Amino acid sequence: MQGDDPESRYEGVWKAQEEEKMQMTPEEICRRAGAFEKKIVREYWLVLGLLALFIARAAMYVIRFPAPLIRVGFASGIAVFLYIALRWARNGPPRRIRLAAEPEPCARFLRNELEGKRQRLLEIRWTLFLLFPGMLASWWGGAPVAIAKSLGIDAPWYTRFQESPAPLIGFAVLLLVCWAGFGKEARAIRREIEKLGSE
């Protein structure tokens, strides 16, 4: 019989072990909620800090380089980063949960915060592509060469490299890597939510 072969028995055991791992104890849920609370508060402020640095750097380039396309490109980047920052901060810092909370509030807190984080990641993933037109405008206006010269880099090969489409291709690849990374993280969060089940 087909169901009696060793391969199908091992598969059944493996699936049973997977189902056992899916169930979390109430104590584990509360412990995980407490750890996640600390993590999301750190992530919240870290993301806002990084966005503030990007905005300040782009604003410096808008002031420093008078070429219209460079200014348009960096102003576009500032607008995108401001939009991301506003969307990230729209609900304020993550909610706090009492460490001595009961399992049900812990599970509800964990589900809500995980789902919120997942939604923000998916939204930012799409929004990052709005940076490409600004990058294109600033590249077309000569921003990579102007930035290199302002840093004292005057090597002919480097200037040719910056004038070539290589920076645009590199930026496009970076966007695709970010897209894949945010998607992978969103799927991992979805699995984490499913582990919580309906407890």
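So, here is what we can say about the structure in this document. Since we're looking at a predicted model, the values are computed, not measured. (Residues numbered from 1 in each chain as written. Predicted model: local features only at pLDDT ≥ 70, side-chain atom pairs only at ≥ 80, totals over all residues. Heavy atoms only, no water.)

## What about the nonpolar core?
Here is step 1 of the chain: Judged by nonpolar contacts, the single largest core of 22 residues is most densely connected at Phe74, Ile84, Leu128 and Leu131.
Here is step 2 of the chain: Contributing elements (two or more residues each) for this core: helix 2 (26-64), helix 3 (68-89), helix 6 (143-150) and helix 8 (166-196).
Here is step 3 of the chain: Apart from residues lying up to four places away in sequence, leucine 128 is in contact with Ile84, Leu175, Cys178 and Phe182.
Here is step 4 of the chain: One finds Phe36, Ala107, Phe109 and Ile193 within the second-largest nonpolar core, a separate group that totals 14 residues. (Core = buried A, V, L, I, M, F, W, Y, C linked by side-chain atoms within 4.5 Å. Buried < 20%, exposed > 50% of the residue type's maximum accessible area, 1.4 Å probe, protein only. Helix = DSSP H or I, 4+ residues; strand = E, 2+ residues; numbered from the N terminus. Contact = heavy atoms within 4.5 Å.)

## So, helix 6
Here is step 1 of the chain: Buried residues of helix 6: Ala143, Pro144, Val145, Ile147 and Ala148, and no others.
Here is step 2 of the chain: Just downstream of helix 6, glycine 152 is the residue with a positive phi angle, here 85 degrees.

## What to know about the layout of surface pockets
Over the atoms a probe the size of a water molecule is rolled, and this reveals where empty space is left.
Here is step 1 of the chain: By volume, the largest pocket is sized at about 1,000 Å³.
Here is step 2 of the chain: Phe54, Phe81, Leu131, Phe171 and Leu174 are the residues nearest the centre of the largest pocket, which is lined by 34 residues in total.
Here is step 3 of the chain: Top contributing element to the lining of the largest pocket by residue count: helix 2, with nine residues.
Here is step 4 of the chain: For the lining of the largest pocket, the residue count by class is 26 nonpolar, five polar and three charged. (1 Å grid on protein atoms, 1.4 Å probe; cavity = no way out; pocket = protein on both sides within 12 Å on 5 of 7 lines; lining within 4 Å. Points joined across faces, edges and corners; volume = space filled by probe spheres on them. Nonpolar A, V, L, I, M, F, W, Y, C, P; charged D, E, K, R; others polar.)

## Structural notes on empty space enclosed by the protein
Here is step 1 of the chain: The final tally for this structure, using the stated rule, is two cavities of 30 Å³ or more.
Here is step 2 of the chain: Lining of the largest cavity is provided by Tyr83, Ile84, Arg87, Trp88, Arg90, Arg120, Glu123, Ile124 and Thr127.
Here is step 3 of the chain: Counting only elements with at least two residues in the lining of the largest cavity, the list comes to helix 3 and helix 4 (103-127).
Here is step 4 of the chain: Counted by class, the lining of the largest cavity contains four nonpolar, one polar and four charged residues.

## Notes on the environment of serine 150
Here is step 1 of the chain: Mapped onto the elements of the fold, serine 150 is located in helix 6.
Here is step 2 of the chain: Exposure remark for serine 150: the relative accessible area of 28% places this residue in the partly exposed category.
Here is step 3 of the chain: Sequence separation between serine 150 and phenylalanine 65 is 85 residues; the distance between their C-alpha atoms is 9.7 Å.
Here is step 4 of the chain: If we skip the residues at most four places from it in the chain, serine 150 touches Arg64 and Phe65.
Here is step 5 of the chain: Here the side chain of serine 150 touches isoleucine 147 through a polar contact of 2.7 Å, landing on its backbone oxygen. (Polar contact = N/O pair within 3.5 Å; in protein donor to acceptor, adjacent residues only side chain to side chain.)

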